[in-house]
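# Coordinates in review
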Amino acid sequence: MASTSQGPGEADRHGWNSLENYRNIHENRLNNHSFLDPNRPQTVAFDFFTIGGDLFVQVAGEIYCLGGIVVEVEKYLETYEANSGQIFVRSFSYRYNAYITGKHNVLRYDNGHDFDEYHRHVWAIETGAEMEERTITRSEFPTLGEMPDELEDMFFRRA
């Protein structure tokens, strides 16, 4: 699967976590973030599937933010079962795409081209013109819970 090589002393924030803890963190962020639209249900769901006897998890759906901003989520997690029977997960494929409803993309993070190559794309809020496309490290790649923070900064805390 994905490489998890980090620089010296760097912890992998996208590393192994129990499925239970992963889901709790996810649900806590979606239920408590002030930038998410309280009038829209969040549709991100966890779906389990197997390939060649290995269990995987797809996390996919939409996160509705204030101001008509939507984050499309599609990520895949590999799994392993500990001796205790507890399931652990680690993400290896990511796509978080934020757009203004009826307009254009504003922010995307992905690694769909290569599991070990991460990208950040930024478009101008006003025009939709692409302003940035750059390769980033795994440690720079945000967690899904950090996407609303960055979008809130882009739209409401900009100078």
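## A look at the overall build of the protein
When its secondary structure is counted, the protein shows 2 helices and 9 strands. Written out in order from the N terminus, the α and β elements of the protein read β-α-β-β-β-β-β-β-β-β-α. Taken over the C-alpha trace, the protein has a radius of gyration of 16 Å; the compact-globule value for 159 residues is 15 Å, and the two agree within 12%. When burial is assessed residue by residue, the protein has 45% of its 159 residues classed as buried. The contacts in the protein between residues at least 6 apart in sequence include a share of 45% that link residues at least 24 apart. Total accessible area on the protein stands at roughly 8,500 Å², and carbon and sulfur atoms take up 47% of it. Across the protein, the 14 positively charged side chains and the 26 negatively charged ones have centroids separated by 5 Å.

## Structural notes on the nonpolar core
Within the largest apolar cluster, 33 residues are counted, with the highest numbers of intra-cluster contacts made by I63, V71, Y96, V106, L107 and L151. Going through the elements one at a time, α1 (19-32), β3 (54-64), β4 (69-81), β6 (95-100), β7 (105-110), β8 (118-123) and α2 (147-156) are the ones with two or more residues in this core. Ignoring any residue separated from it by four or fewer positions in sequence, one finds L107 in contact with Y96, N97, A98, R120, H121, V122, W123, M147, E150, L151 and M154.

## So, the confidence of the model for the protein
On average, residues of the protein carry a pLDDT of 89, and 91% of them reach 70 or more. Averaged over each element, pLDDT in the protein is lowest for α1 (91) and highest for β6 (97). Contacts for the low-pLDDT stretch residues 2-9, under 50 throughout, to residues beyond four places or in other chains number 16 contacts.

## Considerations on α1
Counted at 1.5 Å a residue, the expected span for α1 with its 14 residues is 20 Å, and the 20 Å between its end C-alpha atoms agrees. Within α1, the full set of buried residues consists of L19, Y22, H26 and L30. Along the axis of α1, the buried residues cluster in a sector spanning 65 degrees; they form a single face. For α1, exposure combined with an orientation more than 90 degrees from the buried face picks out E20, N31 and N32. On its buried face, α1 sits against β1 (17-18), β2 (45-51), β3, β4 and β5 (87-93).

## Remarks on the packing of aromatic side chains
How two aromatic rings sit relative to each other is set out by the distance from centre to centre and by the angle between their planes. This model, assessed by the stated rule, comprises 13 aromatic pairs. Ring centres of F49 and Y76 lie 6.2 Å apart, and the angle between their planes is 85 degrees; this geometry places the pair in the edge-to-face category. In this pair, F49 sits in strand β2 while Y76 sits in strand β4, placing the two residues 27 residues apart along the sequence. Taking 6.2 Å as the distance between ring centres and 90 degrees as the angle between the ring planes, the aromatic pair formed by Y94 and Y96 counts as edge-to-face. Pair check on accessibility: Y94 and Y96 agree, each one buried. Taken together through their ring pairs, the aromatic side chains of Y94, Y96, Y109, Y118 and F141 make up a single cluster. Here the guanidinium or amino end of R23 rests over the ring plane of F46, the centre of that ring lying 4.4 Å away. Against the face of Y64 rests R40, its NZ or CZ located 3.8 Å from the ring centre.

Cut-off values and rules
Residue indices follow the written sequence of each chain, beginning from 1 at its first position. At least 70 in pLDDT is required for a residue's local features to be given in this predicted model, at least 80 for side-chain atom pairs to be given and counted, and no such filter applies to totals for whole chains, interfaces and linings, which use all residues. Only hydrogens and water are removed before side-chain values are computed, so all heavy atoms of the structure are retained for them. Helix and strand definitions follow DSSP, with helices as H or I runs of at least four residues and strands as E runs of at least two, each counted in order from the N terminus. For the radius of gyration, the atom set is restricted to C-alpha positions; the globular benchmark scales as 2.2 Å times the number of residues to the power 0.38. Accessible area is worked out with a 1.4 Å probe on protein chains only. A residue is then buried under 20% of its type maximum, exposed over 50%, and partly exposed in between. Contacts between residues were defined by any pair of non-hydrogen atoms, one from each residue, lying within 4.5 Å. Only the protein chains shown count as cover for residues, with accessible areas throughout obtained via the Shrake-Rupley method and a probe of 1.4 Å. Only four residue types enter the charge count, namely Lys and Arg as positive and Asp and Glu as negative; His and the chain termini do not. By convention, the charge on Lys lies at NZ, on Arg at CZ, on Asp at CG and on Glu at CD. For the purposes of this section, nonpolar cores are sets of buried Ala, Val, Leu, Ile, Met, Phe, Trp, Tyr and Cys residues that join through side-chain atoms within 4.5 Å. Each residue carries a pLDDT score, the predictor's confidence in it, ranging from 0 to 100. In a helix, the anticipated span is given by 1.5 Å times the number of residues less one. By construction, the arc corresponds to the directions joining the helix axis to the C-beta atoms. Ring pairs shown here join Phe, Tyr and Trp side chains whose ring centres sit within 6.5 Å, with only the six-membered ring taken for Trp; geometry is labelled stacked below 30 degrees between planes, edge-to-face above 60, and tilted in between. Lysine and arginine charges are scored as sitting over a ring when NZ or CZ, respectively, is within 6 Å of the ring centre and within 35 degrees of the ring normal.

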